[in-house]
Amino acid sequence: MSHSSGKKAVLAALGANLAIATMKLVAFALTRASSMLAEAIHSFADCSNQLLLLMGAKSAQKKPDDLHPFGYGRERYLSAFLVSIILFTMGGIFALYEAYRKVAEIREGHPSQLLESSWWWVPLAVLVGAMVAESLSLRTAVKESLPAKGSSSWFRFIHQAKSPELPVILLEDVAALLGLIFALIGVGMTLVTGWSGWDAIGTGLIGVLLIVVAFILAAETRSLLIGESASPKDITAIAEALTTTPGVLRLIHMRTIHLGPEEIMVAAKIDVERNKETAEVAAILDLAEDRVRSTNSMVTLMYLEPDLYRNPNTETHQE
């Protein structure tokens, strides 16, 4: 997955959410519907999340320095993790609080301003318009994700993707559409039945939804922050490039780790032909590196150690 495709999806989502958040806020100001306020905060939270993803992508482009010799590639993972925190606090917790406040108003006998407002139709119009905009944003994210997704399922794609932007936008857009459905149910049923408890229920469902999505995002990005290995496909290709290099007898062991979405570091110990001069061993290592890099352009750092193969019972002690 290219960074440019992720950026396109982020920008599309940002534009949609800015317009949607403003409309929802206006609808809340006119009707005081809790579901609209929860959805407005949700959309503003999504806007801040998309800005975070763009900032993380820009920071990740900084060159390595003395303090960060392996570069800043994981800035994109950090931004995605912060997105989950913001979605949980700014979106989910606030929506649950608003639902609680609405329930308290109902218990105290306060009339619903939504039912008394002559602008009751505005939330419905805003929600339908928002669903159209969010659907277009989701379509863009899906379209940009298809080349990287391949034949795997969407769940597997989100779980295994090394670039965080598209999985984050996909989950945000799906959550946004479900949240709009909950808000539409809450507002619509309140208008139909005259009971404002439906508005509180819709708001509470939005809060629960956002918290669930936030936990999913946090779990996935936490794994990336800790450091994930290359994909099984990439590991197999790298290992094959090493073992088929002339002068290499076998691959003793290998470790890979993503320094960023498009950066892989490889550390390997290889068994080389005996009785080789230092210069000859160095030439074998250089050739092995060239073969690996030609196989996978994401391998930006590589450390190869020549060694003699030992039996499996002692091999681990030689790592």
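About the thresholds
Residues numbered from 1 in each chain as written. Predicted model: local features only at pLDDT ≥ 70, side-chain atom pairs only at ≥ 80, totals over all residues. Heavy atoms only, no water. Pairing = 2+ DSSP bridges. Helix = DSSP H or I, 4+ residues; strand = E, 2+ residues; numbered from the N terminus. Right-handed = clockwise from strand over helix to strand, strands pointing away. Salt bridge = Lys/Arg side-chain N within 4 Å of Asp/Glu carboxyl O. Expected span 1.5 Å × (residues − 1). Buried < 20%, exposed > 50% of the residue type's maximum accessible area, 1.4 Å probe, protein only. Arc of directions from axis to C-beta. Contact = heavy atoms within 4.5 Å. 1 Å grid on protein atoms, 1.4 Å probe; cavity = no way out; pocket = protein on both sides within 12 Å on 5 of 7 lines; lining within 4 Å. Points joined across faces, edges and corners; volume = space filled by probe spheres on them. Nonpolar A, V, L, I, M, F, W, Y, C, P; charged D, E, K, R; others polar.

> Account for the pairing of strand β3 (residues 299-307), with residues named and values stated.
In terms of strand pairing, strand β2 (residues 263-272) meets β3 through 8 bridges, oriented parallel. Considered in β3, the bridge of Ile270 is made with Pro306. On the question of chirality, the crossover connecting β2 to the parallel β3 by way of helix α10 (residues 278-295) is right-handed.

> Tell me about the pattern of salt bridges, residues and numbers included.
Overall, the coordinates contain 12 salt bridges when judged by the stated rule. Here Arg101 ties to Glu98 by a salt bridge, and the two come within 2.4 Å at their closest N and O atoms. You can see Arg101 and its partner Glu98 sitting in helix α3 (residues 75-107), 3 residues apart, about one turn around the helix. A salt bridge links Lys269 to Asp307; its shortest N-O distance comes to 3.5 Å.

> Describe α10, naming the residues involved and giving the relevant values.
With 18 residues, α10 should cover 26 Å at 1.5 Å per step; its first-to-last C-alpha distance of 26 Å lies within 8% of that length. Among the residues of α10, those classed as buried are Val281, Ile284, Leu285, Ala288 and Val292. Buried residues of α10, viewed axially, fall in a sector of 95 degrees; they line one side. Opposite the packed face of α10, turned more than 90 degrees from it, sit the exposed residues Ala279, Asp290 and Ser294. For α10, the elements touching its buried residues are α9 (232-243), β1 (248-260), β2 and β3.

> A description of unusual backbone geometry should follow, citing residues and the corresponding values.
Even without glycine at this site, Arg32 takes up a positive phi of about 60 degrees. Here Arg32 lies in the loop between α1 (3-31) and α2 (34-59). Exposure remark for Arg32: the relative accessible area of 39% places this residue in the partly exposed category. Not every positive phi belongs to a glycine, and Asn275 is a case in point at roughly 60 degrees. Relative to the assigned elements, Asn275 resides in the loop between β2 and α10.

> Provide a residue-level description of the layout of surface pockets, including the pertinent values.
As a volume, the largest pocket reaches approximately 690 Å³. Ala148, Gln160, Lys162, Ser231 and Asp234 are, among the 23 residues lining the largest pocket, the residues nearest its centre. At the level of secondary structure, the elements contributing two or more residues to the lining of the largest pocket comprise α5 (121-149), α6 (154-160) and α9. Partitioned by chemical class, the residues of the lining of the largest pocket number 8 nonpolar, 8 polar and 7 charged.

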